[in-house]
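# Structural overview for review
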Amino acid sequence: MQNLRITTIVSALLLSVGIAIGGWYVHQGLQNFKVADRSITVKGLAEQSVKSDYVIWRLQFRRAGNDLGNVRQALEQDRKHVLDFLHQQGFIDTELDIQPLSVQDLLAREWGNDKVPMRFHGQGLITVKSARVDTVATATNKVEPLIQAGVALSIGDDDGPRYQLRGIKEVKTALLEAATHNAIEQAEKFASDAGTGLGKLKHANQGVIRLLDDDGEDTETGRTINKRLRVVSTFEFALR
């Protein structure tokens, strides 16, 4: 009986010590968790207005008729008018991409309707590819003589000038630095308001730089010569 009592007491003591030690580890774990959780995540915003440095301007013209020769001749004359106009605006041949004329016979199509108002439909395309964006912007407002000459310029979604920014790398660094400074200012203000200090940087994501047209649309349209760069970077800082 005495041995049993001693064994019971020893077991109880070991259990108490184990609970105490376990409690200490749990307490330390909670403290470490709280310390590790003392952090702040902020987003830094930066925007910059930039000007396009390259432009692609498609000038597409069309003709239709029932005589193939006449349609072809009219297209050749239209092409000459467009080339003369572009040369008058100061563009050189290395800036011009001249596509071959094409004429389609609607009656030759397997699925064609034999009751078409005009049998032959033709088109031509001259594309201006240039870094002289201001020259293109000016020339687009001077195409009225082409209309007066009878050139039927296409006005589809793929036509007209498309302004691009190819030198985005030159402004990328400054934009990301601005986003970083903006995030640090926000984090420091938060830490100050919370009565603590800003610690080391724990994590950073520079984000994706978006290039927008000046009207806010994505640059896939490329309608405006002026662009807007925008980036939102994410940073996580430790708090002291």
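These remarks concern the structure in this document. Please read all numbers here as calculations on a predicted model, not as lab measurements.

If you trace the backbone, T224 turns up in the loop between β8 (210-213) and β9 (226-239). T224 sits in the buried class, given a relative accessible area of 18%. Here N226 takes part through its backbone oxygen, which lies 2.8 Å from a polar atom of the side chain of T224. The contact partners of T224, leaving out residues within four places of it in the chain, are S52, Y163, D213, D214 and D215.

In the structure shown here, the tally under the stated rule is 1 aromatic pair. Where F235 meets F237, the ring centres are 6.3 Å apart and the plane angle is 25°; that geometry is what we call stacked. The pair formed by F235 and F237 is uniform in burial state, with each residue classed as buried. For R166, the ring lying beneath its charged end belongs to Y54, and the centroid distance is 3.7 Å.

So, on to the environment of R58. Take R58: it is sitting in strand β2 (residues 54-65). Placed 95 residues apart in sequence, R58 and L153 show a C-alpha to C-alpha distance of 9.8 Å. If we ignore the near neighbours within four places in the chain, the residues touching R58 are L125, I126, T127, D158, D159 and G160.

Rules used in this analysis
Residues numbered from 1 in each chain as written. Predicted model: local features only at pLDDT ≥ 70, side-chain atom pairs only at ≥ 80, totals over all residues. Heavy atoms only, no water. Helix = DSSP H or I, 4+ residues; strand = E, 2+ residues; numbered from the N terminus. Buried < 20%, exposed > 50% of the residue type's maximum accessible area, 1.4 Å probe, protein only. Polar contact = N/O pair within 3.5 Å; in protein donor to acceptor, adjacent residues only side chain to side chain. Contact = heavy atoms within 4.5 Å. Phe/Tyr/Trp six-rings, centres within 6.5 Å; stacked < 30°, edge-to-face > 60°. Lys NZ or Arg CZ within 6 Å of the ring centre and 35° of its normal.

Honestly, that's just the spatial picture; any functional story needs more than this.
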